[in-house]
Every structure is written in C-alpha cells, then in structure tokens.
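If you want the building blocks of each chain, they are given just below.
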Amino acid sequence: MSSNDFDAIGSINIGPIDPRELRADERAVELDYYVAVLLMEATAEAADHEPLYEESFVLLKAESEEEAAEKAAYHGKQQQTSYQNENHELITWKLKQVVEVKPLEDATFDDGTEIYSRFFRNYQAYNSFEPLTEEEA
C-alpha cells in the first residue's frame, strides 16, 4: 500500500462504491419527516416561583415513528440547561415530556427545525387537554 492510498486525515481511500453492489440493508434509506411536540419546564430556587412551561414543535427526519420518538427525547434533553437569572437565582430548564410524535406528509425543512413554540404557566390546565387519537375521533 502506498502513501497515495491514504487521504489527508489518515484513512484508507477505497474509491467510489457502486450502490448496486450493496446489499439491501446497506443501501441508503430514505428518511421521512416527523413533528415532535416537546414540553419543557423551567424551575427556580425562589420560594414564590411558579414553573414556566414551553411547548415546542420540532421537525425531525427518521426511518420510523419509533426512531423519531427517540430523536425527540434526545433533542429535548439537549435543550436542558441551567443558569442564574438577574436575581442570582438558579433557573433550570428540563424536558418534562415528549407529548406527541406524528409523521409529516409534505415537509421541506431540515432536521431539528423548530416549527412552533409557546410559553405558559398553568401545567394542570395544559395536562387536562388530551388530543383525541385517531381511534377516538
């Protein structure tokens, strides 16, 4: 093997691969688009603090609804953070739940694009709202 067989970062150059030579399980899989509804919760050290909630709709690309749900949970956990506010109180944002994951029929967005977000304080009112499933409609 000559030094020409290695690229600039030291990996071996095996040349182009003809997709027809790959087994079915090695071929690229087309990903579908999904929207995930994530619920984030902010808490603080202050005794009179009322939790703040954020509901966000996140666009994901995945092979299946199950994979999209896993990616939604991962994305929500990546959004978790803590910081001190102007009163030097620790504010902590955590993923409270992945509310729903649904496929999108015709999307032209990139993976992880936030589609919609809103803030609210009354989690009990939010939690009492349960969207109908297709079987219940």
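Definitions and limits used
- Residues numbered from 1 in each chain as written.
- Predicted model: local features only at pLDDT ≥ 70, side-chain atom pairs only at ≥ 80, totals over all residues.
- Heavy atoms only, no water.
- Helix = DSSP H or I, 4+ residues; strand = E, 2+ residues; numbered from the N terminus.
- Buried < 20%, exposed > 50% of the residue type's maximum accessible area, 1.4 Å probe, protein only.
- Contact = heavy atoms within 4.5 Å.
- Areas by Shrake-Rupley, 256 points an atom, 1.4 Å probe, with all protein chains shown as cover.
- Core = buried A, V, L, I, M, F, W, Y, C linked by side-chain atoms within 4.5 Å.
- Polar contact = N/O pair within 3.5 Å; in protein donor to acceptor, adjacent residues only side chain to side chain.
- Salt bridge = Lys/Arg side-chain N within 4 Å of Asp/Glu carboxyl O.
- pLDDT = per-residue confidence, 0-100.

**Student:** How would you explain the overall build of the chain if you had to name every residue and give the values?
**Tutor:** For the chain, the count of helices and strands is 2 helices and 5 strands. Along the chain, helices (α) and strands (β) appear in the sequence β-β-α-β-β-β-α when read from the amino end. Expressed as a percentage of the 137 residues in the chain, the buried residues total 23%. Considering only contacts within the chain whose residues lie at least 6 apart along the sequence, 70% involve residues at least 24 apart. When the accessible surface of the chain is split by element, carbon and sulfur atoms take 48% of a total near 10300 Å².

**Student:** Describe the nonpolar core, with residues and values.
**Tutor:** Most often, soluble globular proteins keep nonpolar side chains buried together rather than apart. Residues Ala36, Leu38, Ala72 and Val101 are the most contacted members of the largest nonpolar core, which totals 14 residues. Taken together, the elements giving at least two residues each to this core come down to strand 1 (32–44), strand 2 (52–62), helix 1 (65–78) and strand 4 (90–103). The leading source of residues in this core is strand 1, at 5 residues. Beyond its immediate chain neighbours, meaning those up to four positions away, Leu38 contacts Glu54, Glu55, Ser56, Val58, Ala72, His75, Gly76, Leu95, Gln97 and Val98. With 6 residues, the next largest nonpolar core counts Tyr53, Phe120, Tyr123 and Tyr126 among its residues.

**Student:** Account for the side chain of Glu41, naming residues and giving values.
**Tutor:** As for its position among the elements, Glu41 is in strand 1. Glu41 sits in the buried class, given a relative accessible area of 18%. Only 3.0 Å separates the side chain of Glu41 from the side chain of Tyr53, close enough to count as a polar contact. Apart from residues lying up to four places away in sequence, Glu41 is in contact with Pro51, Leu52, Tyr53, Thr92, Trp93, Lys94 and Lys96.

**Student:** Quick one: what's the story with the pattern of salt bridges, residue by residue and with numbers?
**Tutor:** As enumerated under the stated definition, the model contains 2 salt bridges in all. The shortest N-O distance in the salt bridge between Glu100 and Lys102 comes to 3.9 Å. With relative accessibility at 30%, the residue Glu100 sits in the partly exposed group.

**Student:** Break down the confidence of the model for the chain for me, citing the residues and quoting the values.
**Tutor:** Looking at the chain as a whole, its pLDDT mean stands at 77, while 65% of the residues score no less than 70. In the model of the chain, strand 5 (residues 114–120) stands out as the element of lowest mean pLDDT, 69, in contrast to helix 1, which has the highest, 96. Across residues 1–15, confidence stays below pLDDT 50; counting only partners more than four residues off in sequence or on other chains, it has 7 contacts.

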